[in-house]
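# Residue-level structural notes
Residues per chain are reported as follows:
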Amino acid sequence: MAIISHDYKDLDMLETIIVKNDGAPLHGEIDMYRRIYYDCQKSDLLWHFWHDLRLPISINSQSEIQIDFLLACAYGILIVEVKGGKVGIDDGKFYFSRNGGNYMDRSPFAQADDYKFAIINNNLLPSGVFVATACAFPHTIMSSTNSASILDLKYKLWTEAEQTSSKYSFAEFALDVICKERQMKNWGEVIMTDRELAISISPFSQNRPTFWNYSEENYATIVNWLEVQSLEVFRAIQQNKRIIMEGGPGTGKTTIAKAFIRKYKNLRGVYLCWNNLLASKIKHDLEIANIKNCQVEQYIAFLSKLSRGKDSISFEDFQGASNCIRTKVNEVVKAYRKREGFYPFDFIVVDEAQDIFDKGIKDVINTLTSVDSRGLSNGRYLVFYDTEQGYRNDDRQLRVFANEISDFGAHYILNENERVPSNKCLVHCANKILHAESHEVCNIIEDFSLSNPSCIKINKCATYREGIGLLKDIYLRAKSNKSISDYVLLSSSALRCGSASFYDRLADIEWIKELTHKNLSLQSETFSLTTILSYKGLEKKHIILLLDADKVSDKYELYIGMSRAILDVEIIFLKK
């Protein structure tokens, strides 16, 4: 077939480098460059080829790795470490024979293995891609690497004998090494198509910069950007490509999601959530951080963009039964995958997954994060959820769906609230509401009124007019303190019902604006207004909850609203 070279240097340029450096190791590389390039060109297989591939991955005391040659074909990848000049071996230690014998600090075979594991451990490749290593000593005759046959690595050593032979090509040698190591490790018979291979090796492309090294300084930078103390948690998830994190409000789920995206900022990803406002907030945060390779989408909008013709999907499709929704989503992503030019996402982040567990997200992850439609087992994804915030979580079997995904990745439980210490009181009060029986909610609210905790204030208004007057007093107080942007008004669903609802009356007031995805990040001298459920996943220092006094027992929205507050919540119960 052919060789696809991903190296921008030509032979004339390499020869110029050799003249300037006049070194045997570089002579070895140019000799190998000629042999690899021309031998692979004649091969029956399609080979991809890199020379002097540098990746900024920290290893040992190095801040980057430098791979002499990397070759890739349908059977896997071969990393080749080259040592030019005369090389010897003495009691298992390799040395350069010129200049009186200069021992190498590390075996060339071990060096190649270091690079292999650096690539694997830093998640540059899908798990289905096999990686082997070899060494080339093109100026050395060496019959074995160890007197003990079981330790002899001659089968993956290219020497002067092979270099000067016209009967044995380097392409054949590379394929032999890959296949022998596949057999030794019981890798199986599956090989990649040309398209699957191109997708798998895309992170190595030189027109796509890579920044996968995460030193302690890098971690600190991430944490500073997040403005939370999640260093230990974030460090703990670095070695996992498939992560499922469960945690309640304030445990740092969304902030860790942004850190995960930042880590893979040069890979192609997508962030999904059910809430339009949350999607807008994340999109704004990524724009501020100048992270451009992760598209942020509301779940239905994302699927609508993928769908076409008879496989199209719309908002109306999501009003039916859960099993019908999942069937439709499965059809959409499978049809999208078959289109020409399809490439899987390098990663998917799902935030507030409890809202879409039963709406096909499992099929989205499985189909769109993998070369072989097995993304759940070999893709790269991060899923956050809190079943307690899922509407009718028991009826929808959210825990069952969460467990189905958790079986394929590392499952973490975040049970420590990351907010300020004074918020602990609010967390306690919100949890008290969550775990109460419906008939107990009124009594708990009454207890809050009597005990008057610093984080909660209860107001009961006999009329809508009285409620608006109370809001005006809070607004004027916030304006005098220059803290209007720290407040948000959250209305229960009940107050938005009807053609002349209380919600609509508030939205028409000049010092109140309805919050939308377009104005979410804009500074304003007005109070922002939205519904409790529309604000899931977001938070403010001061939350004002507007609730229907006749529906106090609706603990779900009350809990969601209280858990949006960082410092305190003021609850206003209203009567028509």
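The structure contained in this document is the topic of the report that follows. (Residues numbered from 1 in each chain as written. Predicted model: local features only at pLDDT ≥ 70, side-chain atom pairs only at ≥ 80, totals over all residues. Heavy atoms only, no water.)

### What about the sheet that holds strand 6 (residues 93-96)?
- One open sheet holds the three strands; their spatial order is 5-6-7, and the pairing between them is antiparallel. One side of each edge strand has no neighbouring strand; the edge strands of this open sheet are strand 5 (87-90) and strand 7 (102-103).
- Pairing of strand 6 with strand 7 involves two bridges; the strand directions are antiparallel. Each bridged residue has a counterpart across the sheet, and for phenylalanine 96 the counterpart in strand 7 is asparagine 102. (Pairing = 2+ DSSP bridges. Helix = DSSP H or I, 4+ residues; strand = E, 2+ residues; numbered from the N terminus.)

### Overview of the layout of surface pockets
- Approximately 920 Å³ is the volume found for the second largest pocket.
- Along the walls of the second largest pocket sit 31 residues, with Trp274, Phe315, Asp355, Lys359 and Leu533 positioned nearest its centre.
- Secondary-structure elements contributing two or more residues to the lining of the second largest pocket are helix 10 (276-288), helix 12 (322-337) and strand 19 (527-531).
- Of the residues belonging to the lining of the second largest pocket, the class tally is 11 nonpolar, 12 polar and eight charged. (1 Å grid on protein atoms, 1.4 Å probe; cavity = no way out; pocket = protein on both sides within 12 Å on 5 of 7 lines; lining within 4 Å. Points joined across faces, edges and corners; volume = space filled by probe spheres on them. Nonpolar A, V, L, I, M, F, W, Y, C, P; charged D, E, K, R; others polar.)

### Digging into the pattern of salt bridges
- Taken as a whole, this structure holds 15 salt bridges when the rule is applied.
- Glutamate 514 is the salt-bridge partner of arginine 496, the closest N and O atoms lying 3.1 Å from each other. Here the residue arginine 496 occupies a position in the loop between strand 17 (487-491) and helix 19 (502-507), and glutamate 514 occupies one in strand 18 (residues 512-514), the gap between them amounting to 18 residues.
- Residue arginine 496 is classed as partly exposed on the basis of its relative accessible area of 37%. (Salt bridge = Lys/Arg side-chain N within 4 Å of Asp/Glu carboxyl O. Buried < 20%, exposed > 50% of the residue type's maximum accessible area, 1.4 Å probe, protein only.)

### Here we look at the side chain of aspartate 114
- Counting through the fold element by element, aspartate 114 comes out in helix 3 (residues 108-121).
- Look at aspartate 114 and you get buried, because its relative accessible area is 18%.
- In contact with aspartate 114, other than residues within four places in its own chain, are Ile59, Asn60 and Arg106. (Contact = heavy atoms within 4.5 Å.)

### Here we look at the environment of glutamate 331
- Tracing the backbone through its elements, the reader meets glutamate 331 in helix 12.
- Relative accessible area serves as the criterion here: at 41%, glutamate 331 is assigned to the partly exposed category.
- As a C-alpha pair, glutamate 331 and aspartate 363 span 32 residues in sequence and 9.4 Å in three-dimensional space.

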